[in-house]
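A look at the structure
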Amino acid sequence: MHPLSDMKLERPASAEQAVALLAAEPGARLLAGGTDLVPNLRRGIGKPTTLVDVSALPGFAALAAAADGNLRLGAGLKLATLARDPLLAARLPALAAAAAAAAGPAHRSAATLGGNLCQDTRCVYYNQSEWWRAANHYCLKLGGDTCHVAPQGKRCHAAFCSDLAPVLLALHAEAELLSPGGTRRTPLAAMYRDDGAAHLTLARDEILTAVQVPAAPAGLRLGFRKSRVRGAMDFPLASVAVALTLGEGKAAPLTSLAVGISGTNSHPLQLQGTEALVGRPLDEAALAALGKLVQKQVSPMRSTVTSSNHRRLVASVLAQRLLRELATA
Ligand SMILES: Cc1cc2nc3c(=O)[nH]c(=O)nc-3n(C[C@H](O)[C@H](O)[C@H](O)COP(=O)(O)OP(=O)(O)OC[C@H]3O[C@@H](n4cnc5c(N)ncnc54)[C@H](O)[C@@H]3O)c2cc1C
Ligand code: SF4
């Protein structure tokens, strides 16, 4: 890796100042914990003129629980805090588990929720040193004209690997965004598009300030599972979260089902079509139907060291296991 090139470092005193700095300087980039951005910059991926450091913004790391059960998670919350916070451990242990499964302990002590949800997409042809990428004539995502993963294609298929996104999608969380034009709220899923080279829909001068998690419905069962090559620390081959509620009785039918998936597509997936399983009891046919839905909607490409079909099957099996475990717990 190269040393960082010369650039300015700004430490704004408020989120409003941060977006004003981004708006004023087209070459400026937001810096939170730096665990995703800095390694990329040291590989020569991106050359910002200014880094706008929000790692110590007052109030940016607040975690607030409203009386109605809604949670507001500040974008500056550290993954280590999310993994250990007693309120989250009691209310949303799956979110704490996802935070604990992301990166390694040293990363988690600096890495933030905002950076996790806004991290760059990843590919074996892209997260490489400058000389490695140069020797391969770069690629479509940066500096080249061909995608080495899908050479006939016209878009980048790098994978979005946030471990927290699937849980938050399964909970129908909303993103709170700030730009010089003011604040807006949008479903978290709308913050993404299926393009590995431009996977965020945020404007250049817009930042994520918080994630709003609605109060969990009575009886919500929520789980998270991740598969990775190295158990100690690795990006997900697939990370899956399932949230469900069940009706009454012996063969209780599903009354709601939501599934979030990361690591397989260029954006985190909010699985479509799960309503077809609502009203049905959990049986082998329902599990098979869920597996099919996942296999149809995930589109892993050869952007990691494992085969695409392996990641497709892993995502499907993780979703089925979670559904079975949660429904029978
Ligand atoms: C070895 C290694 C292993 C890793 N393993 C995992 C893993 O298993 N799972 C996983 O999910 N991630 C993993 N990561 C990626 C990364 O560490 C985490 O996603 C982390 O949460 C990023 O947060 P950060 O605060 O460090 O982000 P930064 O690096 O500071 O920022 C990342 C990107 O998000 C943008 N950004 C940051 N905050 C905001 C905001 N509030 N609004 C808008 N844009 C913002 C930045 O401009 C930048 O483009 C790994 C990284 C490394 C180096
Ligand atoms: S998927 Fe293709 S364009 Fe995207 S980073 Fe990989 S090689 Fe480059």
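Residues numbered from 1 in each chain as written. Chains lettered and ligands numbered in written order. Predicted model: local features only at pLDDT ≥ 70, side-chain atom pairs only at ≥ 80, totals over all residues. Heavy atoms only, no water.

1. A look at the site of ligand 2
Taken together, the neighbourhood of ligand 2 is formed by Cys123, Tyr125, Tyr126, Cys139, Leu140, Lys141, Cys147, His148, Val149, Cys156, His157 and Ala158. Here the residues of the shell around ligand 2 sort into 9 nonpolar, 2 polar and 1 charged. (Near = heavy atom within 4 Å. Nonpolar A, V, L, I, M, F, W, Y, C, P; charged D, E, K, R; others polar.)

2. What about the site of ligand 1?
Near ligand 1, the surroundings consist of 32 residues, among which Leu30, Thr35, Leu37, Thr112 and Asp163 are the closest. The separation between a nitrogen atom of ligand 1 and a polar side-chain atom of Asp163 is 2.7 Å. When the free accessible area of ligand 1 is taken as 980 Å², the share hidden by the protein chains comes to 91%. Contributions of two or more residues to the shell around ligand 1 are made by β2 (28-31), α7 (113-118) and β8 (207-213). Looking at which element gives the most residues to the shell around ligand 1, the answer is α7, with 4 residues. Counted by class, the shell around ligand 1 contains 17 nonpolar, 10 polar and 5 charged residues. (Polar contact = N/O pair within 3.5 Å; in protein donor to acceptor, adjacent residues only side chain to side chain. Areas by Shrake-Rupley, 256 points an atom, 1.4 Å probe, with all protein chains shown as cover. Helix = DSSP H or I, 4+ residues; strand = E, 2+ residues; numbered from the N terminus.)

3. Structural notes on the side chain of Glu206
Position of Glu206 among the secondary structure elements: in the loop between β7 (182-187) and β8. The exposure class of Glu206 is buried, given its relative accessible area of 9%. Looking at Glu206, its side chain comes within polar contact range of the side chain of Arg184, at 2.8 Å. (Buried < 20%, exposed > 50% of the residue type's maximum accessible area, 1.4 Å probe, protein only.)

4. Here we look at the environment of Thr264
Among the structural elements, Thr264 can be located in the loop between β11 (254-262) and β12 (269-270). The spacing of Thr264 and Pro300 is 36 residues in sequence and 4.5 Å in space, taken between C-alpha atoms. Beyond its immediate stretch of four places on either side in the chain, Thr264 contacts Phe160, Leu237, Ala238, Val298, Ser299, Pro300, Arg311 and Ala315. Within the structure, Thr264 has its side chain in polar contact with the side chain of Asn265 (distance 2.8 Å). (Contact = heavy atoms within 4.5 Å.)

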